[in-house]
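Reading the structure
The primary structure of each chain is shown beneath.
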Amino acid sequence: MILRHLNIILFSSLLWGCADDTTTAVPDAETDAGVDADIMLACDGVIASQPLAGANHVSEPTEITYDVSPPASGPHRPFWARWGEYAVLPPQIYVHNLEHGGVALLYRPDAPQADIDGLREFAKVRDSADGGTFRWILTPYDGLPTPVAAVAWGWVYEASCFDADGLNVFLSRHYRQAPEDIGSDGAFSDGFIGRL
């Protein structure tokens, strides 16, 4: 009976694309440490955890606000975005992509063009290496404390400049470590530029 109940829950999660509000993150041995302090990164790069803020689906017009910037978990819209680059994609949408195991590559609007181009090229190369299945969002983020950042479920990488090695370290530890491992494109595409 218990196995049948678990199968129904699993099937429901796959059918609807998300689990309910009670989802929890995949256990991660690094989470208790708070910071990946065992590594040295270029560009003053820091990888740190954020307290998980749930995964509630909140429909419009209800406002969603976050206590941290950029958020790495928390309430979000019930739909997620197509994977790729956006003119602007708000966290209320991209957090849902993080819940599906993806990463958001963020840059401050005033970041040097070389850093923005570096993030684009990184996504393109990683996409090719992963057979076009790398789950990524690239978007500017107003108020970002550093020029460049990457966000995965519960974790944030911040750096003063683009550093492919630092991003690869971050991804090797925190990419696809989320409550739901769903790689399909979402329905949201406002501001979508492309997949490179």
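Here, every reference points to the structure presented above.
These numbers were taken from a predicted model, which means no experiment stands behind them.

The rules behind the values
- Residues numbered from 1 in each chain as written.
- Predicted model: local features only at pLDDT ≥ 70, side-chain atom pairs only at ≥ 80, totals over all residues.
- Heavy atoms only, no water.
- Helix = DSSP H or I, 4+ residues; strand = E, 2+ residues; numbered from the N terminus.
- Buried < 20%, exposed > 50% of the residue type's maximum accessible area, 1.4 Å probe, protein only.
- Contact = heavy atoms within 4.5 Å.
- Areas by Shrake-Rupley, 256 points an atom, 1.4 Å probe, with all protein chains shown as cover.
- Salt bridge = Lys/Arg side-chain N within 4 Å of Asp/Glu carboxyl O.
- Phe/Tyr/Trp six-rings, centres within 6.5 Å; stacked < 30°, edge-to-face > 60°.
- Lys NZ or Arg CZ within 6 Å of the ring centre and 35° of its normal.
- Pairing = 2+ DSSP bridges.
- Axes fitted to C-alpha atoms, helices over the stretch in contact; angles between N-to-C directions.
- Expected span 1.5 Å × (residues − 1).
- Arc of directions from axis to C-beta.

1. Remarks on the overall build of the chain
If you tally the helices and strands in the chain, you get 4 helices and 7 strands. Put simply, the chain runs from its N terminus to its C terminus through helices and strands in the order α-β-β-α-β-α-β-β-β-α-β. Sorting the 196 residues of the chain into buried and exposed places 47% on the buried side. Nonlocal contacts in the chain, meaning residues at least 24 apart in sequence, comprise 70% of its contacts between residues at least 6 apart. A total of about 9700 Å² of accessible surface is found on the chain, and carbon and sulfur atoms cover 57% of it.

2. As for the pattern of salt bridges
Where side chains of opposite charge bring their charged atoms close, a pairing between them can arise. What the rule picks out here adds up to 6 salt bridges. The closest approach of N and O atoms between Arg-120 and Glu-85, which form a salt bridge, is 2.9 Å. Taken as a pair, Arg-120 in helix H3 (residues 113-129) and Glu-85 in strand E2 (residues 84-86) lie far apart in primary sequence, 35 residues in all. Here the salt bridges share partners, and the residues they tie into one network are Glu-85, Asp-117 and Arg-120.

3. Describing the packing of aromatic side chains
Applying the stated criterion across every chain, the model contains 5 aromatic pairs. Measuring from ring centre to ring centre gives 6.4 Å for Phe-122 and Phe-162, while their planes differ by 70°; the resulting arrangement is edge-to-face. Of this pair, Phe-122 sits in helix H3 while Phe-162 sits in the loop between strand E6 (155-159) and helix H4 (164-174); the two residues are 40 residues apart in sequence, bridging distant segments of the chain. Under the relative-accessibility criterion, Phe-162 is labelled partly exposed at 23%. The ring of Phe-134 has Arg-126 lying over it, and the distance from NZ or CZ to the ring centre is 5.2 Å. In this structure, Arg-126 packs its charged tip against the face of Tyr-175, placed 5.7 Å from the ring centre.

4. Focus: the sheet that holds strand E4 (residues 136-140)
A sheet is described by the order of its strands in space; here 7 strands give the open sequence E1-E6-E5-E3-E4-E2-E7, paired in mixed fashion. One side of each edge strand has no neighbouring strand; the edge strands of this open sheet are strand E1 (46-49) and strand E7 (192-194). Between one strand axis and the next, the sheet turns by 20° as a mean value, whatever way the strands run. Bridge count for E1 against E6 is 4 bridges, and the pairing is antiparallel.

5. Notes on H3
The first and last C-alpha atoms of H3 sit 24 Å apart over 17 residues, in line with the 24 Å expected at 1.5 Å per residue. Turning to H3, its buried residues number three or more, namely Asp-115, Ile-116, Gly-118, Leu-119, Phe-122, Ala-123, Arg-126 and Asp-127. Buried residues of H3, seen end-on, are gathered within an arc of 165° and therefore sit on one face of the element. Structural note: H3 exposes Ala-114 and Ser-128 on the side pointing more than 90 degrees away from its buried face. Tucked into the core, H3 has its buried residues touching strand E3 (103-107), E4, strand E5 (148-152) and H4. Phi for Gly-131, located one or two positions after H3, is positive at around 70°.

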